[in-house]
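Secondary and tertiary structure notes
Listed below are the residues making up each chain.
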Amino acid sequence: MVRKIKTNIKNKFLNDYQNHLEKIDTYDLIDKIEKFRKLNFKNITTSELSNEILKVLSYENSASIIPDIRNYPKNTKFYRIRKLDQENLKIPLETIKCEADAWAPPKNIIHKYGRLNKPNESLLYTTPLNCIIPIEEMKIKENEYFALIVYNSKEEIKVNCIGIEKDYEKLGLAKEEIVKAKILDNFLVDEFTREVGEGTEHLYKISELIAKDYFDLPPKFVQDAWLYPSVASKAGYNVCFREEIAKEKLELLGVQLLKYNKKENDYYFQVACVCLLNDDKTFEYLKCSNEKVKKVFPEINYE
């Protein structure tokens, strides 16, 4: 029964998607995007911004987007990075003492918009499979110590993909509709890879609204997280979880304290120590040669 319901939902989305694309005029779509780019995002209200996004991503006030749900299998590694104060590296670190320090930050310290979060909204930002991507996104320098937090998926993770290229022909689209679909997906890529710096965090409102208004399907039943393109790597992705779903779907393996050197395009890591959880949910700092560490992180070179 569940599979049949999901199939019916998918077919409805596909039919609506095809119908909308057929009705959209390509020139009008490009014109809408150009007008959107000229908006004063600093002074626009959230309601106004939401309406402007609707103009681009919809036809007759109905979304011209199809959900793209993909899966990461059980036992997939997800990575997160925390920067460390290079002037205060005394072990144990003040900022990494207990399990809570390795999950999403508490709501009360989140004062600004992030790529998918509003102020006071706690989300867990991760990168699947490849720890190099968050290193580049966080702009970690060579020989600078940082914390690499490693999670393992306890079950299959369903991600709703934003701006990821699709198999357009498999969706039954004609060439003209494929062009329109690519224009829309490129718009999404641009918004989710927009460089945002200190003082311009208001630009994150765009991606936050898009994610919540157009890619937020029922949790667990349809999706577990959002997947969106990486700013640092054109071929890479990030996965963002709501806090409660992250703790349900992911297992915290531990935290590696390490630095790297780069030779040509290769990264060489030096792990100083590893933090593993005790029964009381506090972290124990261990040498890489410790048998517990070897069991959890066999990929570390202990020599």
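Now for a quick tour of the structure. Quick caveat, the model's predicted, so the values are computed rather than measured.

Before going further, it helps to examine the sheet that holds strand S8 (residues 225–229). In space, the 10 strands of this open sheet follow the order S3-S7-S8-S9-S5-S4-S6-S10-S11-S12, with mixed pairing throughout. A single partner strand is all that each edge strand has here, and the edge strands are strand S3 (69–72) and strand S12 (283–286). Between one strand axis and the next, the sheet turns by 40° as a mean value, whatever way the strands run. Pairing between strand S4 (residues 77–83) and strand S6 (residues 146–153): seven bridges, direction antiparallel. In the sheet register, Ile81 faces S6, and the bridge partner there is Leu148.

Attention shifts here to the side chain of Ser230. The topology assignment puts Ser230 in the loop between S8 and strand S9 (237–242). One polar contact links Ser230 to Glu137, side chain to side chain, over a distance of 2.7 Å. Residues contacting Ser230, with those up to four places away along its chain left out, are Ile133, Glu137, Thr193, Gly236, Tyr237 and Asn238.

Summed over all chains, the structure comprises 21 salt bridges. As a salt-bridge pair, Asp185 and Lys166 come within 2.9 Å of each other at their nearest N and O atoms. Within this pair, whereas Asp185 is found in helix H5 (residues 175–192), its partner Lys166 is found in the loop between strand S7 (157–161) and H5, the two being separated by 19 residues in sequence. Asp185 gets classed as buried once you look at its relative accessible area, which sits at 6%. Three or more residues joined by partner-sharing salt bridges are found here, namely Arg37, Asp190, Glu191 and Arg194.

What follows concerns H5. A rise of 1.5 Å per residue sets the reference length of H5, with its 18 residues, at 26 Å; its end C-alpha atoms lie 26 Å apart and thus fit the reference within 8%. Burial in H5 covers these residues: Glu177, Ile178, Lys180, Ala181, Ile183, Leu184, Asp185, Phe187, Leu188, Glu191 and Phe192.

This next bit is on the environment of Cys275. Relative to the elements of secondary structure, Cys275 occurs in strand S11 (residues 266–277). Its relative accessible area of 0% is what places Cys275 among the buried residues. Sequence separation between Cys275 and Glu264 is 11 residues, and the spatial gap between their C-alpha atoms is 30 Å. If sequence neighbours within four positions are ignored, Cys275 has contacts with Ile96, Gly254, Val255, Leu257, Phe283, Glu284 and Tyr285.

Note: strand S10 (residues 250–263) against S11, nine bridges, orientation antiparallel. Paired with Leu258 across the bridge in S11 is Val271. Linking S10 back to S11 in an antiparallel pair, the connection comprises two residues, with Glu264 at a positive phi of about 55°. Where S11 lies against S12, four bridges are found, and the strand directions are antiparallel. Following the sheet pairing, Val274 is matched in S12 by Leu286. From the end of S11 to the start of S12, which pair antiparallel, there are five residues, and Lys281 there has a positive phi angle of about 70°.

Reading the values: rules and limits
Residues numbered from 1 in each chain as written. Predicted model: local features only at pLDDT ≥ 70, side-chain atom pairs only at ≥ 80, totals over all residues. Heavy atoms only, no water. Pairing = 2+ DSSP bridges. Helix = DSSP H or I, 4+ residues; strand = E, 2+ residues; numbered from the N terminus. Axes fitted to C-alpha atoms, helices over the stretch in contact; angles between N-to-C directions. Polar contact = N/O pair within 3.5 Å; in protein donor to acceptor, adjacent residues only side chain to side chain. Contact = heavy atoms within 4.5 Å. Salt bridge = Lys/Arg side-chain N within 4 Å of Asp/Glu carboxyl O. Buried < 20%, exposed > 50% of the residue type's maximum accessible area, 1.4 Å probe, protein only. Expected span 1.5 Å × (residues − 1).

Shape descriptors only; they carry no functional weight alone.
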